[in-house]
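Residue-level listing of the chains:
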Amino acid sequence: MTDVRIIAPDAYPQPVSRSEAARISRALKSPDALAQGARVIRQAGPILRMGVEDYVRELEQAAGDPASVFDKAHEIRGFAETAGLRATGRIADGLCRYIEEASKRGVAADPAVMALHVSAIVRATNAKDEAGRMSDVVAGELAALAAHKLAETAP
């Protein structure tokens, strides 16, 4: 068995000096770097969207298993906005928050509430312009429903 050593963060050798780190930070915040980063994200958007769509299919298949639903929704909320699917990300975030809060309270997440979120995630992912804007309204309504269901579990 290997001995475990805890190394204080300050004991690690620094890859660059403080002044060099400050210079790098300024360079990364420059308008040119920000524009280049935005361009790279736009170019990666279709690939990211395909990844989100794969996660959404897996989310649909995970129905009935709250842990799997949470895992897939967590992945979706992490990538969706970058992939241009803002409403999908918001709804997935709401689902994750609901499941987390139910778990903290020691109650099971309501399967119907989870199913509504999953259905809305699927629809938002496949939505076009106007339907996508409507998905923001759906995200808000689902958040209100989740809050109401959680309030019912309060002692």
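Just above, that's the structure.
Now for a look at the structure at hand. Computed from a prediction, not measured in an experiment: that's the story for all the values here.

### Quick word on the overall build of the protein
Part 1 of the argument: Looking only at helices and strands, the protein has six helices and zero strands in total.
Part 2 of the argument: Taken from N to C terminus, the helices and strands of the protein fall in the order α-α-α-α-α-α.
Part 3 of the argument: Computed over its C-alpha atoms, the radius of gyration of the protein comes to 20 Å, more than 25% above the 15 Å expected for a compact globule of 155 residues.
Part 4 of the argument: Overall, the protein is about 55 × 50 × 30 Å in size when its C-alpha atoms are taken along their principal axes.
Part 5 of the argument: Counting all 155 residues of the protein, 26% fall into the buried class.
Part 6 of the argument: Sequence-distant contacts in the protein: of pairs separated by 6 or more residues, those separated by 24 or more amount to 62%.
Part 7 of the argument: Carbon and sulfur atoms make up 57% of the accessible area of the protein, which totals about 10,600 Å².
Part 8 of the argument: Within the protein, the 21 negative side-chain charges are centred at a point lying 6 Å from the centre of the 20 positive side-chain charges.

### A few points about a nonpolar patch on the surface
Part 1 of the argument: A cluster of nonpolar side chains, namely Val 16, Ile 24 and Leu 28, defines an oily patch on the protein surface of about 240 Å² accessible area.
Part 2 of the argument: By secondary structure assignment, the location of Val 16 is in the segment before helix H1 (18-28).
Part 3 of the argument: Given a relative accessible area of 35%, Val 16 falls into the partly exposed group.

### Looking at the packing of helix H2 (residues 31-61) against helix H3 (residues 66-79)
Part 1 of the argument: Where H2 contacts H3, the two axes come as close as 9 Å, and the packing angle between them is 160 degrees. With respect to H3, the axis of H2 lies roughly antiparallel. In the crossing of H2 with H3, the sense of the turn from one axis to the other is left-handed. The segment H2 lies against H3, with Leu 48, Val 52, Tyr 55, Val 56, Glu 58 and Leu 59 engaging Val 69, Lys 72, Ala 73, Glu 75, Ile 76 and Phe 79.
Part 2 of the argument: Taken together, the residues that form the contact of H2 with H3 break down as nine nonpolar, no polar and three charged.

Scoring rules and cut-offs
One numbering rule holds for all chains: residues counted from 1, following each sequence as written. Only residues with pLDDT of 70 or above have their local features reported here, since the model is predicted, and side-chain atom pairs are shown and tallied only from 80 upward, although totals for entire chains, interfaces and linings are computed over all residues. Remark: hydrogens and water are excluded; side-chain values derive from all non-hydrogen atoms of the structure. Runs of E in the DSSP output that reach at least two residues are strands. Runs of H or I that reach at least four are helices, and both are numbered from the N terminus. Only the C-alpha atoms count toward the radius of gyration. The rule for a globule is 2.2 Å times the residue count to the power 0.38. For each residue, the accessible area found with a 1.4 Å probe, counting protein chains only, is set against the maximum for its type, and the residue is called buried under 20%, exposed over 50%, and partly exposed in between. Should any heavy atoms of two residues lie within 4.5 Å, those residues are counted as being in contact. Each accessible area value is a Shrake-Rupley result obtained with a 1.4 Å probe; residue values ignore everything except the protein chains displayed when judging cover. We score Asp and Glu as negative and Lys and Arg as positive, and we do not count His or the chain ends. For the purpose of locating charges, the reference atoms are NZ of Lys, CZ of Arg, CG of Asp and CD of Glu. Patch membership requires over 30% relative accessible area and the absence of a salt bridge. Like charges are linked within 9 Å, and nonpolar side chains (Val, Leu, Ile, Met, Phe, Trp, Tyr) within 5 Å. In the sections that follow, a salt bridge refers to a side-chain nitrogen of Lys or Arg positioned within 4 Å of a carboxyl oxygen of Asp or Glu. To get an axis, a line is fitted to the C-alpha atoms, and for a helix only the part in contact is used. The angle between two axes follows their N-to-C directions and goes from 0 to 180 degrees. The labels follow the angle: roughly parallel below 35 degrees, roughly antiparallel above 145, roughly perpendicular from 65 to 115, and oblique for the rest. Crossing handedness follows the turn of the near helix against the far one: under a right angle anticlockwise gives a left-handed crossing, and clockwise gives a right-handed one. Any residue that is not Ala, Val, Leu, Ile, Met, Phe, Trp, Tyr, Cys, Pro, Asp, Glu, Lys or Arg is counted as polar, Gly included; the first ten are nonpolar and the last four charged.

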